[in-house]
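Geometric and topological summary
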Amino acid sequence: MELERLLRAQGVGSRPECRALVYAGRVAVGGVVCDDPFAEINPENFEFSVDGEPWRFREHAYLLLNKPSDFECSQKPRHHPSVYTLLPRPLVTRGVQAVGRLDEDTTGLLLLSDDGQFIHTYTSPKKKIAKVYEVALKHPLDDDQISALLGGVRLNDEPAPIAA
């Protein structure tokens, strides 16, 4: 695969940006500066650096983020900053996406990846992957509220209640 394409796949920048970095002598492959953006490179065990910052090729990115409160799991947030602002630029550039979502006021583990099949597997209702949530409440629930939750919650964008 061409060097500029490999760099793009790693989120270094757009193909023209990657090409410019290589021409400027800012990219080293295996410790040796490479000035040919079209050099054919085997991605297996491919290690490179940009401006001295080392990087190892990964076909896909898989991340765990402890999502803080007051961040939205959206590329186009409405009321709060996006969780994507918490990530290094190369991960955003390569297109990582949240695997599911957490509400803006919810904290906890959030998976992110650029592996579309992985994301689909864990978010598709057809896959029936169970999810477990631990919730802390300001006030205890009564029996009626517990029954209502177990009976299903109607979300704004769903045609029918979602059962726990």
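Remember, predicted model here, so these are calculated numbers, not experimental data.

Another aspect to go through is the pattern of salt bridges. On inspection of all chains with the given rule, the structure shows six salt bridges. Note that Glu2 and Arg5 form a salt bridge whose closest N and O atoms lie 3.5 Å from each other. Glu17 serves as the salt-bridge partner of Arg89, at 3.6 Å between the closest nitrogen and oxygen. In this pair, Arg89 sits in helix 3 (residues 89–93) while Glu17 sits in helix 2 (residues 15–23), placing the two residues 72 residues apart along the sequence. One salt-bridge network, held together by shared partners, links Glu4, Arg15 and Arg19.

This next bit is on the pairing of strand 3 (residues 47–50). As judged from the three bridges shared by strand 1 (residues 27–29) and strand 3, these two strands associate in the antiparallel manner. Bridged to Ala28 within strand 3 is Ser49. Pairing geometry for strand 3 and strand 4 (residues 53–56), over four bridges, is antiparallel. The residue of strand 4 that forms the bridge with Glu47 is Arg56.

This next bit is on the sheet that holds strand 5 (residues 62–67). Spatial ordering of the open sheet is given by 5-7-6, a layout of three strands whose pairing is antiparallel. The sheet is open, and its two edges are formed by strand 5 and strand 6 (97–98), each paired on a single side. Inspection of the sheet shows strand 5 paired to strand 7 (residues 108–113) by six bridges, in the antiparallel sense. Each residue of the ladder has a partner; that of Asn66, found in strand 7, is Leu109.

This part takes up a nonpolar patch on the surface. On the surface, Tyr133, Val135, Leu137, Leu141, Ile146, Leu149, Leu150, Val153, Leu155 and Ile162 cluster together into a nonpolar patch covering about 910 Å² of accessible area. Judged by relative accessible area, which is 33%, Val153 ranks as partly exposed.

Turning to the nonpolar core, a few remarks are in order. Formed by 15 residues in total, the largest nonpolar core has its most connected members in Leu3, Leu7, Val12, Val27 and Phe46. Those elements that place two or more of their residues in this core are helix 1 (3–9), helix 2 and strand 3. In contact with Leu3, not counting residues within four places along its chain, are Val22, Val27, Val29, Cys34, Asp36, Pro37, Ala39, Ile41 and Phe46. Counting residues in each nonpolar core, the second largest holds 14 residues, with Cys73, Val83, Val96 and Leu102 among its members.

Time to look at the sheet that holds strand 4. Hydrogen bonds along the backbone pair up the strands of a sheet, which may run parallel or antiparallel. Spatially, the four strands line up as an open sheet ordered 2-1-3-4, and their pairing is antiparallel. The open sheet has two edge strands with one neighbour each: strand 2 (32–33) and strand 4.

Below, the discussion takes up the confidence of the model for the chain. Taken over all residues, the pLDDT of the chain has a mean of 89, while the share at 70 or more is 99%. For the chain, helix 5 (residues 143–151) is the element with the lowest average pLDDT, namely 87, and helix 2 is the one with the highest, namely 95.

What counts as what
Residues numbered from 1 in each chain as written. Predicted model: local features only at pLDDT ≥ 70, side-chain atom pairs only at ≥ 80, totals over all residues. Heavy atoms only, no water. Salt bridge = Lys/Arg side-chain N within 4 Å of Asp/Glu carboxyl O. Helix = DSSP H or I, 4+ residues; strand = E, 2+ residues; numbered from the N terminus. Pairing = 2+ DSSP bridges. Patch = residues over 30% accessible without salt bridge, like charges linked within 9 Å, V, L, I, M, F, W, Y side chains within 5 Å. Areas by Shrake-Rupley, 256 points an atom, 1.4 Å probe, with all protein chains shown as cover. Buried < 20%, exposed > 50% of the residue type's maximum accessible area, 1.4 Å probe, protein only. Core = buried A, V, L, I, M, F, W, Y, C linked by side-chain atoms within 4.5 Å. Contact = heavy atoms within 4.5 Å. pLDDT = per-residue confidence, 0-100.

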